[in-house]
Every structure is written in structure tokens, then in C-alpha cells.
Amino acid sequence: MAVDIGARDLLGLYEQMSVIRGTERAAHDLFLAGLVKGTTHLAAGHEAVAVGASFALRPDDYVFATYRGHHHAMARGATPAECLAELMSKRTGVCKAKGGSMHLTKASAGMLGSYAIVGAHLPMAAGAAWSAKLRGSGQVAVAFFGDGATNIGALHEALNLAAVWALPVLFICENNLYMEYTPIGSVTAVAHPAADRAPAYLLPAEVIDGNDVAVVADAVRRAAARARDGGGPTVLEALTYRQFGHSRTDPATYRPAGELESWLARDPLELARQRLADHGVPQADIAAADARAAQVVAEAVAAAKAADPPDPADALTDVWADGGSAWRT
Amino acid sequence: MADVITYREAVSEGIAREMRRDPSVVCLGEDIGAAGGVFKTTAGLFAEFGPDRIKDTPISEQAIVGMAMGAAMTGVRPVAEIMFSDFLACCWDYLANEIPKMRYMTGGQVKVPLVVRTANGGGLGFGAQHSQSVENWALAVPGLKVVAPATPADVIGLLAAAIRSDDPVLFFEHKGLFASKGETAPDGHLVPLGQAAVARAGSDVTIVALASTVPLALAAADELAEGGVAAEVVDLRCLVPLDMATVLASVGKTSRLLIVEENPYQGGWGGTVASVVADEGFELLDAPIRRVAAECVPLPFADVLEDQVIPTTAKVVAALRSLLAY
């Protein structure tokens, strides 16, 4: 497969992944320290999907993600500080602490939400693509979803109608092998839960290495180009692995021995380091990128900790277009 | 003399006026294109606006409303049709979990300016899965505006307000009213969301009604007028925003309140109206608040059975007589 990203771009993508990884670790630590309430669904291990795809998209393209969506928010331009502040219930949170970990959104960067009802956002992405087509804007929309979403009806309704209307939408599955605690293969009739469904709608599909940022970027670039040219939707199934459990209450004891270790050997950051070395990038440059990332994360943690909690009065704003929440006269 | 049109024709007229005014308005739904809709409420739109703006969909309620949502978030004003309001259950995730929460849970970053239209209500013998009045489902969800017009002119005026609103609107068209006639609306007619209408003025008792129960209330008021009773009929027009100011002002005049609603008594919207009046208008009342609502059973098929379940003029008249005798 022709996958070629220049050394300078690749180092930039590596640094983005390093920032996301550091932020996810910080989120984990802050949760254990009691500073993040509710739950978190960490995306450590999935970074290459978000960063590779974002690199291949236009800044004005639309992204819809899931409750495991920290990496997509940051890949599209949400800062680690505003994401961590959101998780920590601070007024500087990217959603003013009204959304939380599962709903990170950065609309100004085309990141149109993280959705916590499995599969619900696939029709939305198709709708955004329909809108782009109606407006002739040349934008594409992308729905990122987990393997668990492949067995819900909304996915099939979206794939069918997106195919019929030839919409500029990409359906990108992050197949991390587990539907929450259950192996996806044990509850799915096909081997590749996303890619194997595409032929039913006459859609092109590819199974790709979701841990290789260059492979993801290449596949998304080709699919987006086809979509912009009127070629319709593409289904991509990116094979990846979540390095933490499903959510904060899951120790992931259901994993067979050795599975985590074999995936850690193919960690997206490790694969990127190998590619950088192949490009002749000096180790010192890689280390410097990691150091910059660590600094960004440390400053983000400090800023989020220092930020004020929300104004309680803000609980009653942002329901209606007038900014308020009045339901009666 | 003003032109007279049917409630059914008012739906397509109201949509067409907005589509002529704003090129970002588009429609999608099952059979809404060349077929003109199963209730013919989109007749003529496909011919005037063409296949790019009037989109036939498969029977995929989640795709219809979910795609409308994604389009609304990105610069289009979709008007989605869900054929029967019972089918809202097939896409309720979008109306309960997604659309109404988006602005709030993003801290105000995202707006969802869409309208979901649907044919609501009973009286036509369609049985339990095609006859329900489900406006109380919508009332239970913070973040949805809920509209249910009773007259052709209000259909046009409220559609204008709903389509122009930057808030999501669930627009209930009553199946039993489609054939009813009334004056059409002048050009540019717009009825702001959340303003009730006094459909008939009176000083002896207030009847609060919505959609199909407005003509029931007016017929009952006519019957009582023969005995010298002047009933005031308040047509709410919207459940969200709910115009309690108009209701309370009317009760202040009449001291008696009857609420007539087609959704079930249990969980029906009349409970909310009664609650506010009891809380804020208790001293205005000379009698208990009464409600005529649907029985808490699935809608039966046969006319003789359906009449037992949903409000009728006779039930409204009986309730009024009882209330006036208190």
C-alpha cells in the first residue's frame, strides 16, 4: 500500500498522539484522585485513528464521535486544557461542564459532538453530508463509531440512505474487539462487523491497521476524495485496541492472557516511532516532541485544576435559542 | 370574503410559504414527494420545489430524524415528516436523547433548527398503533417545543414560526382535523410559539383545549349557550411554551376550569395545566379543576369503543354541567 507522509508531518502527528496519550493518562490519574466524577471512556490505544483521519480531512469537514471521543475532540482542535476542565466540572470546560467526558464537542472546529447512545450519530453524520451536498460546499462528514454500534439499527438505516443518496460521508469503525465487556465476534454474524456489512449496501469498504497513523491517513484521504468527487460513502474498519477497560469501573479481566501485551507491542505511538526512525528522524527530535507534549499536558492539568467551578445559575441556561430555559408564560 | 381552505391544505401551504422564503428549508419523509404524503399534506410541494428539496425516504424513522438533526446542525432547516405520531417511538432516541439536549450539553455551541411534523390522534378507527395522541410524550422532554394547531390559519402561522425557530419543534397535526375548513391566513402570517388564543370569549367557565379538543369545546360551549351559560374556550396552540398567563387570566374571569385533552388522563398535559392553576390560581377558583381526557387504555378499533375512550362533545357537556353545578 502506498503510504507516504513526510517526516515533518509524521513528527507532528506523533506529537499530537503523544499529547492525547498524555491527556488520557492524566484523565485516568485525575479520576483515581477523585477529581473527575461520573465515568470516563479512555481512548488510549485509539489515537492513530483520530489523528490520522483528522490529518486527511479539511478543517471545515464534520466529525461525529462517540462517548469514547476524547481523542477525536483533541485531534480536531479542542485543547487538552478545555477537555480536562470539562471532565473536572470546571467552567472553562469545552462544554461549560454541561456535557462531561461523554459529550466533548468543539463545534467551531467541525467536531460536532460525542454521543453516548450507541450508533445514534451515524444518521446525523449522513445528515450533515446531505447538508453539505445541498449547499454544494464540498465538505465531507465522518462518523467514528465502535464495533458495538454495528449491530444497532441506526447504522443500517444510515448506511442504506447514505448509499441511496450518494452522500459524502465516511463511516469509520474503531474495532477494538470488545462491545463493552463482550467480544464483538461472539455476538456478530460476520467476521468484520463494519466492513462485512458494507457490501449489503453496495458500499466500498476497507479493513485497515488502525494503529498505524499513516495507514489511517492514507485510507481516509482516498475515501474523502472519492466522497468529494460524488462517489458516495465509504466504510472503513480500523483495527485497534483500547489499552484501558471499557470505562472506569472495568478492570478488563475478560481479556485473554497475552492479548494486551501483543497489542501494546503494536502501540500506535510505537509504530509511529518506527516510521519516524525509518524516515531518518533523529531520536532526539522524537524525544523533544514527547517533552513538548508532556509540557502541554502538565500545563493543561494545572490550568484545569486552577479553574473555577461553573456558576450554579448556568444550570438554567442554554436550553433554548434565547439562551434560557423558560417553558411557560 | 376570505378564502377557505382545509387544515390538510394549510399544511402544504404553510410549508410552501417558508420554502419560497428560505432556500435552506428542505423536507424529508416517507411518501412525501410525488405521492404528496399519505394524508396529502405535502401535495404540490414536489412539483414546485423538486426532488432536491422534497426527499422521499425509506421506512427508516431513525434515519429520517437523525439525518434531519445532522442537517439542521450544519446550515439547513429540515422539515421531517413522521407519518403517524405512533411511529415517533421508532425514533424516540432522537427526540428524547439527542435533538433536545444538543444545545445544552454542548454549552450552547450547537443549534438544531428543525421541525418534525406528524399526524396525531384518534377518532378515525385506525386502531391502537395509528390513533394515539402522544403530545404528552413530547411534553415530558425538556428542550422540545411542542405545537398542535386547531385551525387552518394556525397551521400556517405556527408552521412559519416553527420553521423559522432556532429551537427544535415537534409539530402535531391532528388526523381528525385534516378535512376541517377555515379561513386561510394572509401572506406573511406568523403565530408566535407560546401564545394561546381565546377561541370563544365567555365569563362563566373556562375550557382549555388543544387541537382536536378545540372544536369539541366550542361545540359544547354552543350547547350550553342555549341555557344561558357563557363558556370561554382557550386554545393553547402550543404545549411548550405553555401560555399559562392566558389560562390564569381566563380563570380569573370565570373562576371555573375544565381541561379537555385527547392524551390519557394519566400523564396527560392537563395535569400540568391543573398543577400550575392549583399552585398560582387557587384563590381564583370557585370549584375543583376538572379534566376530560382519554381513558388509560390502548385505543380500540370500533367507533363505539373508541368513543368510550377519547373525549366527545357529550362528555365535555356533562363535565361542564357538573362543574357549573358545583
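Residues numbered from 1 in each chain as written. Chains lettered and ligands numbered in written order. Predicted model: local features only at pLDDT ≥ 70, side-chain atom pairs only at ≥ 80, totals over all residues. Heavy atoms only, no water.

Chemist: Explain the sheet that holds strand S4 (residues 77–84) of chain B to me, please; I cannot follow it from the model alone.
Modeler: Backbone hydrogen bonds are what pair the strands of a sheet, in a parallel or an antiparallel way. Residue and element names in this part refer to chain B. Pairing is mixed across the open sheet formed by seven strands, whose spatial order is S3-S2-S4-S5-S7-S6-S12. Pairing within the sheet leaves two strands with one partner each, and these edge strands are strand S3 (54–56) and strand S12 (238–240). Neighbour to neighbour, the strand axes of the sheet diverge by 20 degrees on average, direction disregarded. Here strand S2 (residues 25–29) pairs with S4 via five bridges, running parallel. Residue pairing in the sheet places Val-25 in a bridge with Arg-77 of S4. Running over the sheet, helix H1 (residues 7–21) touches S2, S3, strand S5 (115–120) and strand S7 (169–174) and is turned about 135 degrees from S2. (Pairing = 2+ DSSP bridges. Helix = DSSP H or I, 4+ residues; strand = E, 2+ residues; numbered from the N terminus. Axes fitted to C-alpha atoms, helices over the stretch in contact; angles between N-to-C directions. Contact = heavy atoms within 4.5 Å.)

Chemist: Would you mind going over the interface of chain A and chain B with me for this structure?
Modeler: Quite often, the size of an interface is put as the accessible area lost when its parts meet. Tallying the contact residues gives 43 residues for chain A and 50 residues for chain B. The junction of chain A with chain B conceals about 3700 Å² of combined surface from both sides, 66% of it contributed by carbon and sulfur atoms. Counting the surface chain A buries against chain B, the share from its top three residues, Trp-130, Trp-320 and Trp-327 of chain A, is 18%. Scanning the region where chain A abuts chain B turns up one salt bridge. Note that Glu-280 of chain B is salt-bridged to Arg-328 of chain A, the shortest N-O span being 2.6 Å. If you look at where chain A meets chain B, you find 19 residue pairs in polar contact (both at pLDDT 80 or more). Contributing elements (two or more residues each) for the side of chain A that touches chain B: strand S1 (62–66), strand S2 (111–115), helix H5 (121–135) and helix H6 (153–164) of chain A. Looking at the side of chain A that touches chain B element by element, the count peaks at nine residues for H5 of chain A. For the side of chain A that touches chain B, the residue count by class is 24 nonpolar, eleven polar and eight charged. (Buried area = accessible area lost by both parts, 1.4 Å probe. Salt bridge = Lys/Arg side-chain N within 4 Å of Asp/Glu carboxyl O. Polar contact = N/O pair within 3.5 Å; in protein donor to acceptor, adjacent residues only side chain to side chain. Nonpolar A, V, L, I, M, F, W, Y, C, P; charged D, E, K, R; others polar.)

Chemist: So what exactly am I meant to see when it comes to unusual backbone geometry here?
Modeler: Negative phi values dominate among residues other than glycine, just as trans dominates among peptide bonds. Val-240 of chain B connects to Pro-241 of chain B through a cis peptide bond whose omega is -5 degrees. Position of Pro-241 of chain B relative to the elements: it lies in the loop between S12 and helix H9 (244–254). Of note, Ser-89 of chain A is a non-glycine position whose phi angle comes to about 60 degrees, a positive value. When you line up the elements, Ser-89 of chain A lands in the loop between helix H4 (80–87) and S2. The partly exposed category is assigned to Ser-89 of chain A, whose relative accessible area is 26%. Despite not being glycine, Ala-166 of chain A has its phi angle at roughly 50 degrees, a positive value. Here Ala-166 of chain A lies in the loop between H6 and strand S4 (169–175). (Buried < 20%, exposed > 50% of the residue type's maximum accessible area, 1.4 Å probe, protein only.)

Chemist: Would you explain the domain arrangement of chain B in this entry?
Modeler: Residue and element names in this part refer to chain B. In terms of domains, chain B is made up of domain 1 (4–183) and domain 2 (197–324). Using C-alpha coordinates to define each centre, domain 1 is positioned 26 Å away from domain 2. With both chains or domains summed, domain 1 and domain 2 bury close to 1900 Å², and 61% of this area falls on carbon and sulfur atoms. Summed over the shared surface of domain 1 and domain 2, the number is one salt bridge. With a closest N to O distance of 3.1 Å, Arg-237 and Asp-154 form a salt bridge. Inspection of the domain 1/domain 2 interface yields 13 residue pairs in polar contact (both at pLDDT 80 or more). Where the side of domain 1 that touches domain 2 is concerned, the elements lending two or more residues are helix H6 (135–139), strand S6 (145–147) and helix H7 (152–164). The residue makeup of the side of domain 1 that touches domain 2, split by class, is eleven nonpolar, nine polar and three charged. (Domains from an automatic or database assignment.)

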